[in-house]
Amino acid sequence: MARLWHKGEDTDSLVLEFCVGDDNQLDERLVDYDIRASLAHATMLNEQGWLSDSDLAAVVRGYDDVGASHARGEWQISIDEEDVHTALENRLVASIGEAGARVHLGRSRNDQVLAALRLYLLDVVTHLAQLAEMTVEELKALASRHAKMPIPGYTHLQKAMPSSVTDWAGGFAAEIADDACGLRLALRRVDLNPLGSAAGYGVPELHLDRSRTCEILGFSAVQEPVTAVQLSRGKAEANVVFELTLLMQDLGRLAADLCLFNSAEFGFVSLPKQFTTGSSIMPQKRNPDVFELVRGRSSQLAGDLTSILALTSKMTSGYHRDLQLIKVPLFRALDSTTLTLAIMNRTLPKVRFVPEVLQKSMSGELDAASLAFKLVRDEGVSFREAYRRVAGELS
Ligand code: ARG
């Protein structure tokens, strides 16, 4: 099927393939969102007198059919079609004819892709925040399952002060709750209507009603002026991925603790057999690969964030095709975090701390600071003096 910009000349097949890259596959997840934005645009065109009632009815019916057949797996975006916008317009025209060809009035794929991406991000980021909040609940449940169980607190991986499993889990729960909050706040830059900015410079001759598409799509404001829209591409994405990176770092550090605590030398934590993996050579092994991969994935997010920031830095204003490449690290970061939260929510309920081992690990040196505090309280000596006395007794 034809590309939207086809003017009768041939395009070199390798050039086309290179320019599309993974975009046809990546755009699969934007189909429903591009349809929603297109329906809002068509409704606005109708209200402004650019699309007749019967054409609008046909467009609504056409998008319904095309969306449903995509959901049934009857078509996919081909390299020839480049992207979701072309695939949908071609199918709409094939399904309803002339009326389908009227929908692109006053828009460009430059504002279209941003509308679809933002609607998608609003959904997926909200879902991710909910998954993170489920992790918080799992950590709180773990804390109460192990109520009052002591655990050494470590600094520099050396025994420091007495702590509790409740506080260990509670610390992660509090931080992950804060990450979920940060994620929701990152939607501020996402929640703006780009439609009507078209290629990046608006369409003054058509008098499009940008606030109407804003209202239909539920964005909190129209992004103004039109020239800000393309400048902002990548910023909402970077903001979301930055918050995801912080969340993943907390999950990675939680996972790192669990790997350490599960080692034979620590033995603080036992994992059910079905959560461990084996070795091809050492029959005895039960490895915590799942938590090592959580830790590993958490490092990849920083790479995705850097990749998004690097793509837009120093780019001149207006749309450039480089912007398309943002989808690769963006979707990777979103998918990886979704998967990681799902695995944490599956495994955390089965993590067990072993009370006998924890009890044995609560050795005397953990109380050193507390002994010094008692000397201050009971004998009125300075803290420095109490510190020296306890240090002397320990050596
Ligand atoms: N796939 C493109 C992107 O993500 C859609 C916009 C294409 N616009 C253009 N002028 N070639 O950026």
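A short tour of the structure in this document, coming up.

### Description of the layout of surface pockets
Put simply, the largest pocket is a space of about 370 Å³. Forming the boundary of the largest pocket are 17 residues, of which Tyr154, Trp168, Phe172, Asp257 and Phe261 lie nearest the centre. Tallied by class, residues from the lining of the largest pocket come to eight nonpolar, four polar and five charged. The space that makes up the second largest pocket amounts to roughly 250 Å³. Lining of the second largest pocket is provided by 17 residues; of these, Asp83, Arg109, Tyr319, Arg321 and Gln324 occupy positions nearest its centre. Residue composition of the lining of the second largest pocket, grouped by class: six nonpolar, four polar and seven charged.

### Considering the pairing of strand β1 (residues 150–155)
Direction of pairing for β1 relative to strand β2 (residues 158–164): antiparallel, over a ladder of six bridges. Residue threonine 155 lies in a different strand from β2, and its bridge partner there is glutamine 158. What sits between β1 and β2 in their antiparallel hairpin is a turn of two residues, with histidine 156 showing a positive phi close to 55°.

### Thoughts on the side chain of arginine 118
Mapped onto the elements, arginine 118 comes out in helix α6 (residues 109–145). One buried charged residue, arginine 118, remains without a salt bridge, the closest side chain of opposite sign being glutamate 237 at 6.4 Å. Within the structure, arginine 118 has its side chain in polar contact with the side chain of serine 232 (distance 2.9 Å). Once residues lying within four places of it in the same chain are set aside, the contact partners of arginine 118 are Arg189, Val190, Leu192, Asn193, Pro194, Phe219, Gln223, Val229 and Ser232.

### Let's talk about a positive patch on the surface
A cluster of basic side chains, namely Arg145, Arg346, Lys350 and Arg352, defines a positive patch on the protein surface. Take arginine 346: it is sitting in helix α12 (residues 327–347). Accessibility expressed as a relative area gives 60% for arginine 346, which makes it exposed.

### A short note on the site of the ligand
Around the ligand, the structure places Asp23, Asp83, Arg109, Asn110, Val113, Arg233, Tyr319, Gln324 and Lys327. Residue aspartate 23 places a side-chain N or O atom 2.7 Å away from a nitrogen atom belonging to the ligand. Within the side chain of tyrosine 319, an N or O atom sits 2.5 Å from an oxygen atom of the ligand. When atom positions are compared with the pocket grids, the ligand is found to occupy the second largest pocket. It is α6 that contributes the most residues to the shell around the ligand, three residues altogether.

### Concerning the environment of histidine 70
You can see histidine 70 is positioned in helix α4 (residues 53–71). Overall, histidine 70 belongs to the buried group, its relative accessible area being 15%. Considering only alpha carbons, one finds histidine 70 and leucine 88, 18 residues apart in sequence, at a separation of 9.9 Å. A distance of 2.5 Å separates a polar atom in the side chain of histidine 70 from a polar atom in the side chain of glutamate 28.

### Some details on the side chain of arginine 210
With respect to the helices and strands, arginine 210 occurs in helix α8 (residues 210–217). Given the relative accessible area of 11%, arginine 210 is considered buried. For arginine 210, the side chain forms a polar contact with the main-chain oxygen of leucine 195, separated by 2.7 Å. Every residue in contact with arginine 210, bar those within four places of it in the chain, is listed here: Asn193, Pro194, Leu195, Gly196, Ser197, Val222, Gln223, Glu224, Val226 and Val229.

### Structural notes on the nonpolar core
With 98 residues, the main nonpolar core has Trp168, Phe291, Leu334, Val351 and Phe353 as its most contacted residues. It is α6 that provides the largest number of residues to this core, a total of 18 residues. Counting six residues, the second-largest nonpolar core is a separate cluster that includes Ala368, Ala372, Leu375 and Ala386.

The rules behind these values
- Residues numbered from 1 in each chain as written.
- Predicted model: local features only at pLDDT ≥ 70, side-chain atom pairs only at ≥ 80, totals over all residues.
- Heavy atoms only, no water.
- 1 Å grid on protein atoms, 1.4 Å probe; cavity = no way out; pocket = protein on both sides within 12 Å on 5 of 7 lines; lining within 4 Å.
- Points joined across faces, edges and corners; volume = space filled by probe spheres on them.
- Nonpolar A, V, L, I, M, F, W, Y, C, P; charged D, E, K, R; others polar.
- Pairing = 2+ DSSP bridges.
- Helix = DSSP H or I, 4+ residues; strand = E, 2+ residues; numbered from the N terminus.
- Buried < 20%, exposed > 50% of the residue type's maximum accessible area, 1.4 Å probe, protein only.
- Lys, Arg positive; Asp, Glu negative; His and termini not counted.
- Salt bridge = Lys/Arg side-chain N within 4 Å of Asp/Glu carboxyl O.
- Polar contact = N/O pair within 3.5 Å; in protein donor to acceptor, adjacent residues only side chain to side chain.
- Contact = heavy atoms within 4.5 Å.
- Patch = residues over 30% accessible without salt bridge, like charges linked within 9 Å, V, L, I, M, F, W, Y side chains within 5 Å.
- Areas by Shrake-Rupley, 256 points an atom, 1.4 Å probe, with all protein chains shown as cover.
- Charge placed at Lys NZ, Arg CZ, Asp CG, Glu CD.
- Near = heavy atom within 4 Å.
- Sits in = over half its atoms within 2 Å of the grid points.
- Core = buried A, V, L, I, M, F, W, Y, C linked by side-chain atoms within 4.5 Å.

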